[in-house]
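# Architecture and fold: a report
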Amino acid sequence: MSSSSSSAHLPVKKGDASSTKDASSSFSRNSKNAFGDEESQSIPDRLGLSNLFHNSCWIRPSSAPVLFLQRFWPPPHSGGFSHNKGKDQQHQRGGGVFACVFLVVAVVLIVLVGVFSLILESTEGPHSYAVIIDAGSTGSRVHVFRFKMASGARVLKDEIFHAIKPGLKAHALDPMEAAKTLEPLMATAVKHVPEKLRSSTPLTLRATAGLRLLPEGQEAASALLEASKMKVGEYGFRMDDEYVSILDGMYEGAYGWIAVNYLLRKLSGSVKATKTVAVADLGGGSTQIMYAIGDRDEVKRSPEGYVLPLEGYDVYTKSFKGFGIMAARAKILTQNLDAGDEGWRAHPCAAKGFRGGCTEKCYGLEPGEGYSAIGREEGGDFDQCVDAALMAMEKESMECEVEPCSFAGAWTTKRTTPLYGMSYFYERAQAAKAVRWPNSETKAVKITPSDYKRAGKRVCQTHVDSILKEYPDAEEDHFEYLCLDLAYIYALLTKGYGLKDNEPLHLVDKIDYKGQPVEAAWALGDAIAVMNTFN
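Residues numbered from 1 in each chain as written. Predicted model: local features only at pLDDT ≥ 70, side-chain atom pairs only at ≥ 80, totals over all residues. Heavy atoms only, no water.

## So, the state of the cysteines
The final tally for this structure, using the stated rule, is four disulfides. Linked covalently through their sulfurs, Cys 349 and Cys 385 form a disulfide whose S-S length is 1.9 Å. Looking down the S-S bond of the Cys 349 and Cys 385 bridge, the torsion is 110 degrees, so its handedness is right-handed. Placement of Cys 349 in the loop between β12 (346-347) and β13 (355-358) and of Cys 385 in helix α11 (residues 382-395) is noted, with a sequence separation of 36 residues between them. (Disulfide = S-S within 2.5 Å. Helix = DSSP H or I, 4+ residues; strand = E, 2+ residues; numbered from the N terminus.)

## A few points about the side chain of Thr 462
Relative to the elements of secondary structure, Thr 462 occurs in the loop between α13 (449-460) and α14 (467-470). Within the structure, Thr 462 has its side chain in polar contact with the backbone oxygen of Arg 458 (distance 3.0 Å). Not counting residues up to four positions away in its chain, the partners in contact with Thr 462 are Ala 351, Lys 352, Ile 467, Glu 470 and Tyr 471. (Polar contact = N/O pair within 3.5 Å; in protein donor to acceptor, adjacent residues only side chain to side chain. Contact = heavy atoms within 4.5 Å.)

## A few points about the nonpolar core
Grouped together as the largest cluster of nonpolar side chains are 78 residues, with contacts concentrated most on Ile 332, Phe 425, Tyr 452, Tyr 488, Tyr 497 and Leu 507. Leu 156, Val 279, Ala 520 and Met 531 belong to the second-largest nonpolar core, a separate cluster that totals 43 residues. (Core = buried A, V, L, I, M, F, W, Y, C linked by side-chain atoms within 4.5 Å. Buried < 20%, exposed > 50% of the residue type's maximum accessible area, 1.4 Å probe, protein only.)

## Points about the sheet that holds strand β14 (residues 371-375)
One open sheet holds the three strands; their spatial order is β12-β14-β13, and the pairing between them is mixed. Looking at which strands have only one partner, the edges of the open sheet turn out to be β12 and β13. As paired elements, β13 and β14 share four bridges and run antiparallel to each other. Looking across to β14, one finds that Gly 356 is bridged to Ala 373. (Pairing = 2+ DSSP bridges.)

## Describing the confidence of the model for the chain
Caution is warranted with low-pLDDT regions, since their predicted coordinates should not be read in detail. Per-residue pLDDT for the chain averages 81, and the proportion of residues at 70 or more is 75%. Low pLDDT, under 50, characterises residues 1-85; the stretch is placed with 122 contacts to residues that sit more than four places away or in other chains. Per-residue pLDDT stays below 50 along residues 118-123; that stretch engages in four contacts with residues further than four places along the chain or on separate chains. (pLDDT = per-residue confidence, 0-100.)

## Observations concerning the side chain of Thr 417
Position of Thr 417 among the secondary structure elements: in the loop between α11 and β15 (419-423). Those residues in contact with Thr 417 that sit more than four places away from it in its chain are Ala 273, Thr 274, Thr 276, Val 277, Ala 278 and Tyr 291.

## With respect to the pattern of salt bridges
By the definition in use, this model includes 18 salt bridges. Among the salt bridges present, the one from Arg 238 reaches Asp 240, with a minimum N-O distance of 3.3 Å. A residue is classified by how much of its surface remains accessible, and Asp 240, at 24% relative accessible area, is partly exposed. Close ionic contact of Glu 503 with Arg 415 constitutes a salt bridge, the shortest N to O distance being 2.8 Å. (Salt bridge = Lys/Arg side-chain N within 4 Å of Asp/Glu carboxyl O.)

## Topic: helix α16 (residues 522-531)
Because the α-helix completes a turn every 3.6 residues, residues three or four places apart line up on one side. In terms of burial, α16 is a largely internal element, 10 of the 10 residues being buried. Inspection of α16 places Trp 522, Ala 523, Leu 524, Gly 525, Asp 526, Ala 527, Ile 528, Ala 529, Val 530 and Met 531 among the buried residues, and these make up the whole buried set. Of the surrounding elements, those touching the buried residues of α16 are β3 (128-135), β4 (140-150), β5 (153-164), β6 (203-207) and α8 (249-263).

Dropping the structure here:
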């Protein structure tokens, strides 16, 4: 099913995204009085400050609380013991007055903050929601985005995220069973979207490369999508026809670029193209790279289908179908094989003790293609594994019609902005302990291709039975391939996306957006695009 109709509206409304935190962490206050219900009780009484005020200040009895200070400057001297009683008393009076001034200012500030917060709450527009289901190759995820109106524009307030495994393709021949796997995700959506708003809340279901590359074929993919549409349609959300589709790789990339730059607050007419960030995403079935081009002449020279106008920027957007981390794995394991016995062949990407393969309906391969591999006695070899990855990338390359090209026959142009990496770029680096990981889930992790290489060399020499012990964050279903995955990432970054060995890549999983952690994923870009189609 085409996704062109669902991707026609990509602009993000501008406006100052005034910050407010989630309601659960907001400052607690009462509508009658910022400090409580007892209106007749004075602020000093409620704060327990009456005695200090009485000793330090004289409050003139009138309708307006006018404070007269006997002495407030200079402040009292500090420290030391005085033998002069008169001066001591004078200093004490001065000290009390100074404390009075400080306390009065503090109380006034507290009151002003409370009043300002109440005004902000009363003027903030109603909330609206968008529910995005990402039916990926390795799992399905739901994003529930809550928006508010500020300065005439809809801006993000917070996000709820829930992921499950496996994905729809695990039940490729049983569409109804596949659709049932979405029930926990819909339970999350129902829990967080008020019932009265569900009929006006858009819900999109986007399948990505997992269904684009389904070994069972496009007929099976369409059946999965139709069954899933029926299932999520039972919950009362707004579902226009174009809200359910197999998302085109170009728009998957475009939405990802919008999402990351939006969260980093770089989508503004005042932000130059050179101040935005480039984004590289690595999924299970495909990979994308996107970045703004500041040179208008270069934009004019670009071949058709490579540059999209997004939010006032010309963005290079390229998706490589079949080069996600799972799909590429099968291609690599058919390359650079040694002779073996019993039909098995040793491979430099396989860990010592590894024995595995695929004989039919292999994800990322054509029907009828398969592979089998065993680990060498001396263990895996990272450098040779990189060579195998490069061979797979070159084998798939089409003729370069317009120079210069990166790989797979794709035209490219110079990137001048910092590169941010998402998804498996992040997960595999974390699993392999490639760099020291920060405690904060929203802090970007700085890494280089050389860091992946050093980690890969360690992993490739680890016996398959010890990988989970040495690298407990590795996925239980895929830990045997950690050596291969790191080698492929290194090849993709350096050969495919043109990074130098010591050039930084900024890894993000979540980004702090005004005090809220938000997933760095294309789903937010889809939500923004859909919300901007209606008010």
